[in-house]
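Chain by chain, the residues:
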Amino acid sequence: MTVTETPFTGGIVGKPRLRREDPALLTGEAKFIDDLQIPGALWLACVRSPYAHARITGIDTSAALAIAGVVAVYTGEDLADAWAAPLPCAWPVTDDMKNPAHYPIAQGKANYAGDIVAVVVAESRYAAADGIEGVVVDYEPLEAVVTIEDAETDRLVIHDDCGTNVSYVWELTPEPDAVTAAFAAAEHHITETFVHQRLIPTAMEPRGVAAVPAPHNGDMTLYSSTQIPHVLRVMAALTVGIPEQKLRVIAPSVGGGFGCKLNVYAEEILCIVLAQRHGVPVRWTEGRTEAAGSTVHGRAQRQTIELAADADGKLTAVRATLLADMGAYLQLVAPGVPLLGAFLYHGLYDVPVYSFTCKSVFTNLTPTDAYRGAGRPEATYAIERAMDALAVAVGVGQDEIRSRNFIPTEKFPYDSPAGLIFDSGNYQPTLDRAKELIDWDGRRAEQAERRAAGSTTHLGLGISSYVEMCGLAPSRTLAALNYGAGGWESATVRILPTCKVQVVTGATPHGQGHETCWSMIVADQLGIDPDDVEVLHSDTSISPLGMDTYGSRSLAVGGTAIWMATEQVIDKARAIAAHMLEANADDLEFAGGTFSVRGSPDKEVPLAGVAFGAFTAHDLPDGMEPNLQAQVTFDPSNFVFPFGTHIAVVEVDEATGAVELLDYAAVDDCGNQINPLIVEGQLHGGIVQGIAQALWEDAAYDADGQCRAANLADYLVPSAAECIDMKLDHTVTPSPSNPMGVKGIGEAGTIASTPAVMNAVVDALRPMGITDITMPASPMTVRRAIEAAQGGSA
Amino acid sequence: MEVSVTVNGTVRSADVEPRTLLVHYLRDVLGLTGTNIGCDTSSCGACTVLVDGRSAKSCTLLAAQVDGADVTTIEGLAGPDGLHPMQQAFHECHALQCGYCTPGMVMAAVSLLDEYDDIDADGVRVGLEGNLCRCTGYQNIVAAVLAAGE
Ligand code: FES
Ligand code: FES
């Protein structure tokens, strides 16, 4: 482990600290959206199309209206005038991107199984559920487009007004001729095609919404299980057409998000509109099976990656082309998801030239959008799988091919061939340490022994070295990518009269432990107890400015804003302390929560004295405002680039096709760590989520566009029984892009683990001539691959 | 229909629709919202409570089925002296993140240790198979349950 500089001297940051969030969550005291008691609320339930593609020829609501407790039923026509704008897509990645109008209730045609065709408002959740059974919809089923390959042909166009199923084509090829030349001159030309299956994000808390109106003064409070109350407020105000200042959005305790709660959803808009109409609160809680059609899916793309390399396996060019599935409509940031990976298909390897193209198409399936890692897991998967193929072609080990190509440490900050500047990196030590943790040589020897003995339980070792870009994002870079907002974050730090501290942040936690971490940062800076720091968030009335939580941005952007605001507060306190001590501010030292005059240790004043003095304002320096408070909005100058190496060891049973995970090591570098406990927890969960894509999860659809894994009985979210203990270690390479030297860690585990496991599975089977297994590597898929490799004779 | 259940030591009676699920009875009728709902196929365990001392998924039971029984929910676990040892172990081992699975996971773990006092890590993993967590990767949950068992 490398130790490098940190700005923290208070002895709090960098040490594991138990979470302050826990007691409320452990006792049932925490309030998730469905826990809120809202007197007089009506319940919303949605009638959803059972067909992937169907014309709606009639809707009869009379039977539903006759059901006890049902208050009203609305169709798309009934509410056609209720919207000021369609549901928003904030990322028009190209000027000619096709974006079909998407309203909360479909009119005329349903475009995926789950599309809302009518809604019921009722006095209880049971009555609302009864109500949707009573709505009779006449459908004329249409042929559905369920694969991206079919969609691409435009054989059947889903949205007439678009005239094509292709939403956009986005390309990043800074030097086209150089790419062509590199491939022409390549000693090795690797071409691999991989498929990322659709995944259902499956935050354990389903989504929920409650809109509470104040009909006479026009205020509206929207509670939502969302990652983005701030973004939602702007978007919902525009979509519904109510003044932004009249809308307050509150995210209560949120039970996980993983990207799927980074959206503006039909039910949020519906609850607001119906609460306005009825003049009483309207609420909705998602059912798990319903979620397969009401909450976005992730991944869903086919990728072709080509590597050009010289005889030694040194990369000379990388070219990637994607075909991505947007689903039936464009959700909030869906078109941009492939772009978040677009710059990283060369991974952490030093490559002179680069080309990336993505074509995104509509299908008659649930819309896709961000899912943990959003674009970077896909990119990492492609390059890391392809690097193993290159190692085989060159005839060197998977470790050696990576070492030969890692960006050398002395090249940082590194000008990437895709046009980014990688902030800092030191890659080789993560590979070395991961090999050590997993006993690489021992496992290789064991693998050779098993092979020599003709064992039918095959051992496989898989490496995944990764770099990712997170800390979304420099606003100017977002502008260049056509994103509809900035990437800054806001913080206010306020010292109260009794020297307790309030931190107000625009980052919005949903399980990450922000309150604990932010209190540690501020307490370390101020020399006080973290328990004396209160963290306020997730309510647009308390924290009016914010860009919320996604893309591993909260610490690198939001945390930095907090750090800077605290520094400003200290500067002001120093000026007041100097005045109190009749000393020059430059002569003051601040340590352990006390200002003292350098060289005169008896002349000192504690922060508490300064805070109280700032509050009474009886004797402040001339012209100084009372109170100790600072507000900072931080717009990062660059992304941050965490990296690391993960290694998986698996055993594949030739007879059954079953893959068992035997061991897993992860060595990650997220720069300086605030709370190592949280870092470790994020890695554990993230790694398992990525392993789940490799081995178990698959939102497969049949030819009619029906999801075959719409509930948790069929969609294989792993339990403790399938998982193993992971071995973690880390290195520390601070980011020069922010004063704390921090990077993000929320998505790294997921980004790294999928290719590590799949490389291990393929490594186990390679002697049989198998070079790819489609994810998830289920027993059936593996067994079929073995049979095919053995000529169908197994 | 009238349903009477001893919940966290207190007899609670209410008139409910016969189809009322136990989880809705606890949450919507009694206001004990610590017990969560994560699925509709009895798969996730977020709704786990103790019925007569044994863990049960409260989304798979009707309130009427537990008439006369003794039910413990997460709200009934911590005592006047603070957290139950299992809750404390979850805290100390960082075995929760968003906390949505946590009440059910803790109740299932309490029941598991009650049933098997000499359990190892593999036993905990298999024993908690019916409780899904999306955040933690389970490593710290297993550690917490083992720590609570010591
Ligand atoms: S809510 Fe009961 S098992 Fe999922
Ligand atoms: S802590 Fe979030 S689901 Fe378990």
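Please read all numbers here as calculations on a predicted model, not as lab measurements.

A. Molecular detail of the overall build of chain A. Counting its regular elements, chain A contains 20 helices and 28 strands. A compact globule built from 794 residues should have a C-alpha radius of gyration of about 28 Å, and chain A, at 28 Å, falls within 12% of that. Overall, chain A is about 90 × 70 × 50 Å in size when its C-alpha atoms are taken along their principal axes. Out of the 794 residues belonging to chain A, those deemed buried represent 65%. When contacts within chain A are restricted to residue pairs at least 6 apart in sequence, those whose partners lie at least 24 apart make up 80%. Where the 51 positive side-chain charges of chain A centre and where its 99 negative ones centre are 1 Å apart.

B. Summary view of the sheet that holds strand β5 (residues 70-72) of chain B. Residues and elements named next belong to chain B. Taken in spatial order, the 5 strands make up an open sheet running β2-β1-β5-β3-β4, and their pairing is mixed. Two strands close off the open sheet at either side, each with one partner strand: β2 (10-15) and β4 (54-57). Sheet twist, expressed as the average angle between the axes of neighbouring strands with direction ignored, equals 40°. Note that strand β1 (residues 2-7) and β2 share 6 bridges and pair antiparallel. From the neighbouring strand, Val5 faces β2, where its bridge partner is Arg12. Packing of helix α1 (residues 22-29) onto the sheet brings it into contact with β1, β2, β3 (48-51) and β5, and relative to β2 it is tilted by some 95°.

C. Here's a closer look at the side chain of Ser49(A). All names here are of chain A. Checked against the element boundaries, Ser49 lands in the loop between β1 (42-48) and β2 (54-60). A polar atom in the side chain of Ser49 sits 2.7 Å from the backbone oxygen of Tyr51. Beyond its immediate sequence surroundings of up to four residues, Ser49 is in contact with Ala110, Tyr112, Ala113, Gly114, Asp115, Val117 and Tyr139.

D. Quick peek at the interface of chain A and chain B. With 55 residues of chain A at the contact, the number on the chain B side is 47 residues. In this assembly, chain A packs against chain B so that about 4200 Å² is buried in total across both faces, 55% of it on carbon and sulfur atoms. It is Leu26(A), Tyr126(A) and Met204(A) in chain A that bury the most area against chain B; as a group they hold 19% of the surface buried on that side. Among the ionic pairs, Asp34(A) bridges to Arg27(B), the shortest N-O distance being 2.8 Å. Linking chain A to chain B there are 26 residue pairs in polar contact (both at pLDDT 80 or more). Ranked by residues supplied to the side of chain A that touches chain B, first place goes to helix α18 (residues 676-695) of chain A with 9 residues. By residue class, the composition of the side of chain A that touches chain B is 25 nonpolar, 17 polar and 13 charged.

E. Structural view of the pattern of salt bridges. Residue and element names in this part refer to chain A. Inspection of every chain in the model, using the stated rule, returns 44 salt bridges over all chains. For Asp325, the salt bridge identified is with Arg198, shortest N-O distance 3.1 Å. With Asp325 in strand β14 (residues 315-327) and Arg198 in strand β8 (residues 188-199), this residue pair connects regions lying 127 residues apart in the sequence. We classify Arg198 as buried; its relative accessible area is 6%.

F. Examining the state of the cysteines more closely. All names here are of chain A. Enumeration over the complete set of coordinates arrives at 0 disulfides over all chains. Free cysteine Cys470: the closest other cysteine sulfur is in Cys670, separated by 9.1 Å. Cys470 sits in the buried class, given a relative accessible area of 0%.

G. Broad picture of the domain arrangement of chain B. Residue and element names in this part refer to chain B. For chain B, the assigned domains read domain 1 (2-75) and domain 2 (85-149). With 18 residues of domain 1 at the contact, the number on the domain 2 side is 15 residues. Taking both partners together, domain 1 and domain 2 bury about 1200 Å²; carbon and sulfur atoms supply 56% of that area. Sorting the residues of domain 1 by area buried against domain 2 places Asn36, Thr48 and Ile74 first, and these three jointly supply 37% of that buried surface. Counting the contacts that link domain 1 with domain 2 gives 1 salt bridge.

H. Structural view of helix α7 (residues 266-278) of chain A. Residue and element names in this part refer to chain A. Here α7 is 13 residues long and its end C-alpha atoms lie 18 Å apart, about the 18 Å a rise of 1.5 Å per residue gives. Burial of α7 is extensive: 10 of the 13 residues sit out of reach of the surface. Taken together, the buried positions of α7 are Ala266, Glu267, Glu268, Ile269, Leu270, Cys271, Ile272, Val273, Leu274 and Ala275. Looking one or two places after α7, you find Gly279, whose phi comes out positive at around 70°.

Definitions and cut-offs
Residues numbered from 1 in each chain as written. Chains lettered and ligands numbered in written order. Predicted model: local features only at pLDDT ≥ 70, side-chain atom pairs only at ≥ 80, totals over all residues. Heavy atoms only, no water. Helix = DSSP H or I, 4+ residues; strand = E, 2+ residues; numbered from the N terminus. Rg over C-alpha atoms; globule rule 2.2 N^0.38 Å. Buried < 20%, exposed > 50% of the residue type's maximum accessible area, 1.4 Å probe, protein only. Contact = heavy atoms within 4.5 Å. Lys, Arg positive; Asp, Glu negative; His and termini not counted. Charge placed at Lys NZ, Arg CZ, Asp CG, Glu CD. Pairing = 2+ DSSP bridges. Axes fitted to C-alpha atoms, helices over the stretch in contact; angles between N-to-C directions. Polar contact = N/O pair within 3.5 Å; in protein donor to acceptor, adjacent residues only side chain to side chain. Buried area = accessible area lost by both parts, 1.4 Å probe. Salt bridge = Lys/Arg side-chain N within 4 Å of Asp/Glu carboxyl O. Nonpolar A, V, L, I, M, F, W, Y, C, P; charged D, E, K, R; others polar. Disulfide = S-S within 2.5 Å. Domains from an automatic or database assignment. Expected span 1.5 Å × (residues − 1).

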